[in-house]
Amino acid sequence: MAEAPRLTESASAVFAVLAQAGSATRPQLASLAGLSKPTVSSAVAELESARLAAHSGTASSGTGRSAAVYRLGPAAGAVLAVDLGPALTRVRGCALDGTLLAEATASRADAADAVREALAALPAGAPLRSIVVAVGDVTARDRQGSGMRPATAKAGPVFDAMAVALPPGIPVDLENNVNCAALAELHEGAAQGRNTFGYLRIGVGIGLGIVVGGQVLRGSNGAAGELARLPYPWDDGREPRREALEEYIGARSLLRRAREAWGDRDGPCPRTTERLFALAGEGRLTARAVVDRHAVDVGRLAAAVTAVLDPGLLVLGGSTGAFPQLLPGVRAELERLSWPTEVVSSQVGDLGTVVGAARLAVARGVQTVTEAARTKD
């Protein structure tokens, strides 16, 4: 890993705002960073000398004068985001201003190949500043304290298989996949402009991303939102089992209920949730009944979330949760059981997790560079 050069505090501040803006003139940088124009001019010169900023053209002002426009330079580097999904691994490489530089997709079993493909597509010589891996699990420090890894057996094996492709010496941060998708909804999706909301993912598994004041709530063990651990069933004479709720409401059980309800007159039984929802959309009565019941179940889970968090907004995502056909039933059951809460469908889709992971990686990559400030102006 190439070490970031030592920067003055002003150069560090200007680099951070330039990364966020993408490109800017010196007057714009002065305004964004809250610094004087002479200080910004000195900081820009310092960044250019370190190849952390580069001249990228000119812009005309209202007075007819031209101002130099700057962007990040080649030494600013890149970051890598990896989504270890239940079926697919998605990888993105980005510049520190968020520009997409590389992407790759492979099966979960071939996660290492997707990582290698994306790494090979990054600009030659660009230092890698940060890696964020999104996993369907909580994370914990390993016993030697040398890094993060999945805390249970859920994602551990696939993480280990993927990790062999990561370059050594680069900081690797793990984040829960639902938390990453929640960040994507906050910045680019259905929750833009809403600093407090819940992202409820329903798919093969279930999970909740909790955003309060624009920040993801992780909890003391990093396990906030692990809905699979809610006691279920909870009734006289029935003993709750670990992750039984996830087993009941997940996609596999949804398809099992479809098989049990399917009749000879219904035609071929759907083998995927996509086909089940398509048949429901066509008005097939059995498919519609199964989907409607699923909406009630999701609505009851949404009511439990609302009772605890009162988030004001719930965004439904995941391989089954994102289908808009669920919205009427979820809204009706939530209204029946709890107080008014807005419910909408995800707008970022399947890419939400890797998009959110890339946002985290960029923020941490910028932090890696700006923390190299060692001297005062």
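Presented here is an overview of the structure given in this document. The model shown is predicted, which means the values in this text are computed figures rather than measured ones.

**Comments concerning the pattern of salt bridges**
Move 1: Within this structure, the stated rule accounts for 14 salt bridges.
Move 2: Between R229 and E243 there is a salt bridge, with the nearest N and O atoms lying 3.3 Å from each other. Of this pair, R229 sits in the loop between strand 14 (215-216) and helix 7 (244-249) while E243 sits in the loop between strand 14 and helix 7; the two residues are 14 residues apart in sequence, bridging distant segments of the chain.
Move 3: Note that E333 and R336 form a salt bridge whose closest N and O atoms lie 2.8 Å from each other. Of this pair, E333 and R336 both sit in helix 11 (residues 327-337), three residues apart, roughly one helical turn.
Move 4: Accessibility expressed as a relative area gives 56% for R336, which makes it exposed.
Move 5: Via salt bridges that share partners, R300, E333 and R336 belong to a single interconnected network.

**So, the sheet that holds strand 16 (residues 342-345)**
Move 1: Spatial strand order, 14-13-12-15-16: five strands in an open sheet with mixed pairing. At either end of the open sheet lies a strand with only one pairing partner, and these are strand 14 and strand 16.
Move 2: Sheet analysis places strand 15 (residues 313-317) next to strand 16, joined by four bridges and oriented parallel. For L314, the partnering residue across the bridge sits in strand 16 and is V343.
Move 3: Contacting strand 12 (197-202), strand 13 (206-212), strand 14 and strand 15, helix 6 (residues 177-188) runs over the sheet at an angle of about 125 degrees to strand 12.

**Quick look at the layout of surface pockets**
Move 1: Counted as a void, the largest pocket has a volume near 1,200 Å³.
Move 2: What lines the largest pocket is a set of 42 residues, among which P86, G203, V204, G205 and S319 lie closest to the centre.
Move 3: A breakdown of the residues in the lining of the largest pocket according to their chemical character gives 13 nonpolar, 16 polar and 13 charged.
Move 4: Considered as a void within the structure, the second largest pocket measures approximately 680 Å³ in volume.
Move 5: As for the second largest pocket, its lining consists of 24 residues, and the residues nearest its centre are H187, R359, L360, V362 and A363.
Move 6: Of all the secondary structure elements, the ones that give two or more residues to the lining of the second largest pocket are helix 1 (9-21), strand 6 (88-95), helix 6, strand 14 and helix 12 (352-370).
Move 7: Examining the composition of the lining of the second largest pocket, we find that seven residues originate from one element, helix 12, more than from any other.
Move 8: The residue inventory of the lining of the second largest pocket, partitioned by class, reads 14 nonpolar, five polar and five charged.

**Some details on the pairing of strand 13**
Move 1: Across the seven residues of strand 13, six count as buried, placing the element largely inside the fold.
Move 2: Hairpin connection, strand 12 to strand 13: the antiparallel pair is bridged by three residues.
Move 3: Across two bridges, the pairing between strand 13 and strand 14 is antiparallel. By the bridge assignment, V212 is partnered in strand 14 with Q215.
Move 4: Counting the residues between successive antiparallel strands, the hairpin from strand 13 to strand 14 contains two residues, one of them, G213, with a positive phi of roughly 60 degrees.

**Remarks on the sheet that holds strand 8 (residues 128-135)**
Strand pairing within a sheet occurs via backbone hydrogen bonds; the two strands may be parallel or antiparallel.
Move 1: A sheet is described by the order of its strands in space; here five strands give the open sequence 7-6-5-8-11, paired in mixed fashion. Each edge of the open sheet is held by one strand with a lone partner, namely strand 7 (100-107) and strand 11 (172-176). If you compare each strand with its neighbour and ignore which way they point, the axes differ by 15 degrees on average.
Move 2: Across seven bridges, the pairing between strand 6 and strand 7 is antiparallel. Opposite R92, over in strand 7, you have E103 as the bridge partner.
Move 3: Contacts from helix 5 (residues 156-163) reach strand 5 (78-84), strand 8 and strand 11, with the element oriented near 145 degrees to strand 5.

**Considering the nonpolar core**
Move 1: Membership of the largest hydrophobic core comes to 53 residues, with the highest contact counts inside it found for F15, L29, L47, L52, F197 and V315.
Move 2: In terms of residue count, the dominant contributor to this core is helix 12 (nine residues).
Move 3: Dropping the residues within four chain positions of it, V315 is found in contact with E185, A190, A191, F197, G198, Y199, L200, V344, S345 and S346.
Move 4: Membership of the second largest hydrophobic core comes to 32 residues, among which are L227, L254, A302 and V343.

**Quick look at the packing of aromatic side chains**
Move 1: Counted according to the given criterion, the structure contains two aromatic pairs.
Move 2: Judged by centre distance (4.0 Å) and plane angle (5 degrees), the rings of F277 and F323 are stacked. Placement of F277 in helix 9 (residues 273-281) and of F323 in the loop between strand 15 and helix 11 is noted, with a sequence separation of 46 residues between them.
Move 3: The positively charged end of R257 is found above the aromatic ring belonging to Y248, 4.6 Å away from the centroid.

How each quantity is defined
Residues numbered from 1 in each chain as written. Predicted model: local features only at pLDDT ≥ 70, side-chain atom pairs only at ≥ 80, totals over all residues. Heavy atoms only, no water. Salt bridge = Lys/Arg side-chain N within 4 Å of Asp/Glu carboxyl O. Helix = DSSP H or I, 4+ residues; strand = E, 2+ residues; numbered from the N terminus. Buried < 20%, exposed > 50% of the residue type's maximum accessible area, 1.4 Å probe, protein only. Pairing = 2+ DSSP bridges. Contact = heavy atoms within 4.5 Å. Axes fitted to C-alpha atoms, helices over the stretch in contact; angles between N-to-C directions. 1 Å grid on protein atoms, 1.4 Å probe; cavity = no way out; pocket = protein on both sides within 12 Å on 5 of 7 lines; lining within 4 Å. Points joined across faces, edges and corners; volume = space filled by probe spheres on them. Nonpolar A, V, L, I, M, F, W, Y, C, P; charged D, E, K, R; others polar. Core = buried A, V, L, I, M, F, W, Y, C linked by side-chain atoms within 4.5 Å. Phe/Tyr/Trp six-rings, centres within 6.5 Å; stacked < 30°, edge-to-face > 60°. Lys NZ or Arg CZ within 6 Å of the ring centre and 35° of its normal.

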